[in-house]
Every structure is written in C-alpha cells, then in structure tokens.
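Structural overview for review
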Amino acid sequence: MNVYFTLLLLLRHSIEIFCLLTIGGFTTYKLLPSKKVLPVSIAHSIVILLIRMLPIKFGIHTLISLTLMIIYYHTIFGLSINQAAIATFSTTVLLVILEWGNSYFYLNKLHGLSLAEMGKLSNPEMLKLSLPPLIILILLAIVGRSLGLKKLKNHRPKSRVQ
C-alpha cells in the first residue's frame, strides 16, 4: 500500500468508527462524549490497519475490531457488558446492511461491478465507491447526536422547591 492510500484508508476508517461508536451509544440511550470518542476511533483505526497488514486470515481483523469495541464501550464509556455487546452488535448489523446495499445496488447495479471485481478494488478508487455507506453513517450520527442533545436539554431535572 502506498502512503497516500494508507492515510485515506485511516481517515475513512476513523470517521466510520467515530460514527459507529456514536450510533452504538444511542442504542443504549447514552450520549457518548465526542472528546472521548475521537481519540478512541483514531487509535482503533490504527490498530486495525496494522492488523490488516499482518499475514493472517481474512476476517480476523473484524473479530478483533468487534472485541475492541465491546472493551471500549465497557471500560472507556462506562457501559455494562450487556450494553456494550448490544451497541456493538447493533452497529455491526447496521454496517453490514449499509455495505451490502452499497455493494448490491450502487456498485453492482449502478456501476456494473461483479463481486470478484469489487474484491480486487484496493486503491483510492475503492474509497470513492465506498462513500455512500459512510455518508449515511455520518448523517445518522449527526441526526442522532442533535436529537440526543435536544432530549437532554428538555429532560433536565427540575429543582425541588419546598
């Protein structure tokens, strides 16, 4: 991999993980602080990128990524193990649906790429073709965060006057 592509991949994955962690927080009714989510998502992206460079079987990085997300939710963001697992599982399902939709409709039907051709894309062109799911994740994170902030403002505890 060249440096340019590696940096683009790192940036894209950092944004994706930031959105997934944020959305996962919503599934457990928690508004995770962006100041904590950002460094975690960058560190996570670096670790996963390094793991992808190792000569291990395809898919191992996904299992490691899911495990790390559960650990982050539990240790850094203070969710219970059950909440962490629910947040990780729900965002994984969301990502699978978005990626499948992108592969089937956008890449296959619109651009005419076969599954074999999609698997061979590993350059900046691939990053451009994989933007629709990322854009949807960003929009979901922004909408969810703004609704979460609005809800928190409306549900402040009222002071008791006696």
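Further up the page is the structure itself.
To start, this report covers the structure provided alongside it. (Residues numbered from 1 in each chain as written. Predicted model: local features only at pLDDT ≥ 70, side-chain atom pairs only at ≥ 80, totals over all residues. Heavy atoms only, no water.)

1. A look at the overall build of the protein chain
Scanning the protein chain for helices and strands turns up seven helices and zero strands. Of the regular secondary structure in the protein chain, the N- to C-terminal order runs α-α-α-α-α-α-α. In the protein chain, which comprises 162 residues, the share counted as buried stands at 33%. Within the protein chain, contacts between residues at least 6 apart in sequence are counted, and of these 69% link residues at least 24 apart. Carbon and sulfur atoms form 70% of the exposed surface of the protein chain, whose accessible area is close to 10600 Å². (Helix = DSSP H or I, 4+ residues; strand = E, 2+ residues; numbered from the N terminus. Buried < 20%, exposed > 50% of the residue type's maximum accessible area, 1.4 Å probe, protein only. Contact = heavy atoms within 4.5 Å. Areas by Shrake-Rupley, 256 points an atom, 1.4 Å probe, with all protein chains shown as cover.)

2. Describing the nonpolar core
Core analysis: the biggest nonpolar cluster contains 22 residues, and L20, L21, Y73, F77 and L137 have the highest contact counts within it. Ranked by residues supplied to this core, first place goes to helix 1 (residues 3–27) with five residues. For L21, the residues in contact, after removing those within four places along its chain, are L32, V37, V40, S41, M69 and Y73. (Core = buried A, V, L, I, M, F, W, Y, C linked by side-chain atoms within 4.5 Å.)

3. Side note on helix 3 (residues 60–76)
It helps to recall that an α-helix has 3.6 residues per turn; residues three or four apart then point in one direction. Across its 17 residues, helix 3 extends 23 Å between first and last C-alpha, which sits within 8% of the 24 Å expected from 1.5 Å per residue. Taken together, the buried positions of helix 3 are occupied by H61, S65, L68, M69, Y72 and Y73. Within helix 3, the buried residues cover an arc of 135° as seen down the axis, which keeps them to one side. Exposed residues lying more than 90 degrees from the buried face of helix 3 are L63 and T75. (Expected span 1.5 Å × (residues − 1). Arc of directions from axis to C-beta.)

4. So, the pattern of salt bridges
For the structure shown, the criterion picks out two salt bridges. R12 serves as the salt-bridge partner of E16, at 2.5 Å between the closest nitrogen and oxygen. Remark: R12 and E16 occur in helix 1; sequence separation between them is four residues, near one turn of the helix. Just as E16 is buried, R12 falls in that class too. In this structure, E99 engages R12 in a salt bridge whose closest nitrogen and oxygen atoms are separated by 3.9 Å. Pair noted here: E99 is in helix 4 (residues 81–110) and R12 is in helix 1, with a separation of 87 residues, a long-range link. The exposure class of E99 is partly exposed, given its relative accessible area of 27%. (Salt bridge = Lys/Arg side-chain N within 4 Å of Asp/Glu carboxyl O.)

Remember that the coordinates give geometry; whether it matters functionally is a separate question.
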